[in-house]
Structures are given as C-alpha cells and as structure tokens.
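Here's the letter readout for the chains.
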Amino acid sequence: MKIGILTSGGDCPGINATIRGVCKTAINNYGIEVYGIHSGFRGLLDNEIELLTDKSLSGLLNMGGTILGTSREKPFKKKGSTVDEDKVNTMLSNIEKANLECIVCIGGNGTQKTAAKLAETGVNVISIPKTIDNNVWGTDVSFGFDSAVTIATDAIDRLHSTASSHQRVMVIEVMGHKAGWIALYSGMAGGGDIILIPELEYDIHNIGNTIMNRLKRGKPYSIVVVAEGIKTENNMKAAQYIANEIEYETGFETRETVLGYIQRGGSPTAFDRNLATRMGGHATELIINKQFNRMVSLNGSDISSIPLHEVAGKLRLVPQDNDLIIQGRKMGICFG
Ligand code: F6P
C-alpha cells in the first residue's frame, strides 16, 4: 500500500511529531510506503512527492516546524464562481501517477475544508487537526495549542516584574485568529488581571475601573492579555488599540507587546508530542481499516475520529460559559 502525507496552513510545534507518528506506525507495523508531499496542497499540484524513509524520520519528535514545508494553497478556491478544473485535474493525476491510496492531511480549518473537497472527488483522505488556535471543530484539543499556551504563559510571567517595577500597565497580544483560546488559557495560567477574547464583548470603562481598583488595593500595575482577534477601531492591532485606550482612560503609563510568531516556533511540549503521536498512529489505523474521509479527534481523553464532512467550514470558539471564565470572574479577573 502507498499513502501520501502533507502539512498545510500555519506551522506549529508538533507537526513533525505527527508525521513521525503516522510514518513509523505505517512503515514499521504495516509495511506501508509513505510519500511526503511538499508545501501542503501545492506539492500535489507541482508533483513534489518523495518516499519517506526511516532516515528522513529521525529526530522529528522534538523538532519544530514541518520537514515537508507548508503553504496556504487552496486548490479548490473558486475564481469568480468556478473552481479551476485544471488545478483539480493536475492534483488528481499526480495522486494517480504516484499510486497513492490515501492522502493524510495535517492542518487547521482551511486544510480540513480542502481535505473534504478532495474526498468529494473520490480520493481517500484522513485528516489530523493541527493549529495553535485550537479552533478546529470536532476535537477537544488540536496539537500545537499546548505549546503556544506554554510559550505565551512564559512571556506573561516575564511581564509581571517589569510592570510592577515601573508601575505600568503591560498589554500582551497573543495569536488565535478569530478564537480566544490562547488568550484565555495563557491569561489564566500567567495570572492576567484582564483577559480580552473575541467571543466576549468588552467595555473600556470596565477595564479602566479594574486597573484603578487594583491601584486602590495597593497594586499600581496590571497585566492585560488580549487575543489578536478582538474588535478594535480603525483596523488597529489589538494590543496597540487597547494600550492607547487604557492610557487615555486611566492616565497609567502603558506598554504593549505583540508575541506573534514566537508562539508557533520551537520544540513541542510533552503533551503535544504525545497527542501528535497518538493522533498520527490513529490515522494509520483508520487507513488500515479503510475508514476513510474522517478527521482524527481527541474526545475527552480518548483518541477517536469523526466524518470529515461534518468538520468543514465550522469554527470552535470559546463558549461564554467556559469554566475558566466563570472561575476567573469569581476571582476578580476582568473579561471586559
Ligand atoms: O492559524 C495560526 C495563526 O498563527 C493564527 O493564530 C494567525 O492569525 C495566523 O496563523 C497568521 O497567519 P500567517 O502565518 O499566514 O501570517
């Protein structure tokens, strides 16, 4: 049996651990030949496909990024009202020429959508959810999220000393696209006093009152964690907008930090390595059992899978009644 594997969308820690999980299980346990497809779906268009060997898989478990490279190529993206049939046919003929019986697609929301469309053409597909944003519907957690939260939490920890030394308000912007998972989890883990996420409205007066009340309680500094996707005015970046508003509202000296791509770099946490390994292995089991066109998922503490067509086009956002929000409010943390 020959299968292909590709990584698509934003990179994150844990992708290489997933490639290792799929390939070592497939090669060592089932004698499957695994072909790496370079630069996401673009590798299917450009026929950039190469056999992966044990040698190509060594040292992957703790390596950041993806050895296959990635892209945000969307081959089914319509030009006007029609899909570019030449692109689709090129992909399908390259898959056929390589004799690939299944394509394993590792990626976030965009990848799941493209994988579902590829499955509709008759190609067998298995997808694995990957994103630091943790916003892929159908799985409790995506690998990459824990690593990003760990990086962001460390950064927030470091802001406390400079905030208290200068009696300043420090605003840190974390990634997450349209979801607030990274801000919520790193904000709570890093002791944020104010945490702003796209899923919850905020009022700058509430934020100002929280900061002034802290001053009255002898804490002339505050840590504000904002998700990049919160509403701002004049298309301003989240941290800059909130820092300006706070300085205007309270008179406090305020500084902002945009954590950016650091959240996507470096070695995966142990949690992400094991989640990646488990998901990669489960993908191979689905292939062996010919249970195609499914996305591997974490359901509670169990690895499972759901039909791929159920995932495409959906976003997993932070619910208003998330227990960290409820608990945080009871502890006096301001969510806007
Ligand atoms: O999806 C991961 C992510 O890092 C988002 O959090 C962020 O908004 C986006 O990718 C950035 O996209 P790009 O890597 O194309 O700049």
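Structure's up top.
My aim in this report is to walk through the structure given alongside it, one point at a time. Small disclaimer: the values here were computed from a predicted structure and weren't measured.

## Some points on the nonpolar core
Working step 1: Residues Ile5, Ile19, Ile128, Val171, Val226, Ile242 and Ile246 are the most contacted members of the largest nonpolar core, which totals 81 residues.
Working step 2: With eight residues, the top contributor of residues to this core is helix H5 (residues 145–166).
Working step 3: Looking at which domains feed residues into this core, each of domain 1 (2–144 + 268–310) and domain 2 (145–264) gives three or more.
Working step 4: Ignoring anything within four residues of it in the chain, the contact list for isoleucine 242 reads Val171, Leu196, Tyr202, Val224, Val226 and Ile230.
Working step 5: Core analysis: the second largest hydrophobic core is formed by 25 residues, Met91, Ile95, Ala116 and Val136 among them.

## Let's talk about the pattern of salt bridges
Working step 1: All told, the structure shown has nine salt bridges when counted by the stated rule.
Working step 2: Close ionic contact of aspartate 154 with arginine 158 constitutes a salt bridge, the shortest N to O distance being 2.9 Å. With aspartate 154 and arginine 158 both in helix H5 and four residues apart, this pair spans about one turn of that helix.
Working step 3: Under the relative-accessibility criterion, aspartate 154 is labelled partly exposed at 37%.
Working step 4: Exposure remark for arginine 158: the relative accessible area of 57% places this residue in the exposed category.

## Let's talk about the site of the ligand
Working step 1: Neighbouring the ligand are the residues Arg72, Ile132, Asp133, Met175, Gly176, His177, Glu228, Tyr261 and Arg264.
Working step 2: Here an oxygen atom of the ligand and a backbone polar atom of glycine 176 are 3.2 Å apart.
Working step 3: In terms of residue class, the shell around the ligand is built from three nonpolar, two polar and four charged.
Working step 4: The residue makeup of the shell around the ligand includes at least three contributed by each of domain 1 (2–144 + 268–310) and domain 2 (145–264).

## Here's the deal with helix H3 (residues 85–97)
Working step 1: Counted at 1.5 Å a residue, the expected span for H3 with its 13 residues is 18 Å, and the 18 Å between its end C-alpha atoms agrees.
Working step 2: At its buried positions, H3 is contacted by helix H2 (42–45), strand E3 (49–51), strand E5 (82–83), strand E6 (102–107) and helix H4 (109–120).
Working step 3: Of the residues that open H3, the one with a side-chain oxygen 3.1 Å from the backbone nitrogen of aspartate 86 is aspartate 84.
Working step 4: Two residues or fewer past H3, asparagine 99 is found with a positive phi of approximately 60°.

Definitions and cut-offs
- Residues numbered from 1 in each chain as written.
- Predicted model: local features only at pLDDT ≥ 70, side-chain atom pairs only at ≥ 80, totals over all residues.
- Heavy atoms only, no water.
- Core = buried A, V, L, I, M, F, W, Y, C linked by side-chain atoms within 4.5 Å.
- Buried < 20%, exposed > 50% of the residue type's maximum accessible area, 1.4 Å probe, protein only.
- Helix = DSSP H or I, 4+ residues; strand = E, 2+ residues; numbered from the N terminus.
- Domains from an automatic or database assignment.
- Contact = heavy atoms within 4.5 Å.
- Salt bridge = Lys/Arg side-chain N within 4 Å of Asp/Glu carboxyl O.
- Near = heavy atom within 4 Å.
- Polar contact = N/O pair within 3.5 Å; in protein donor to acceptor, adjacent residues only side chain to side chain.
- Nonpolar A, V, L, I, M, F, W, Y, C, P; charged D, E, K, R; others polar.
- Expected span 1.5 Å × (residues − 1).

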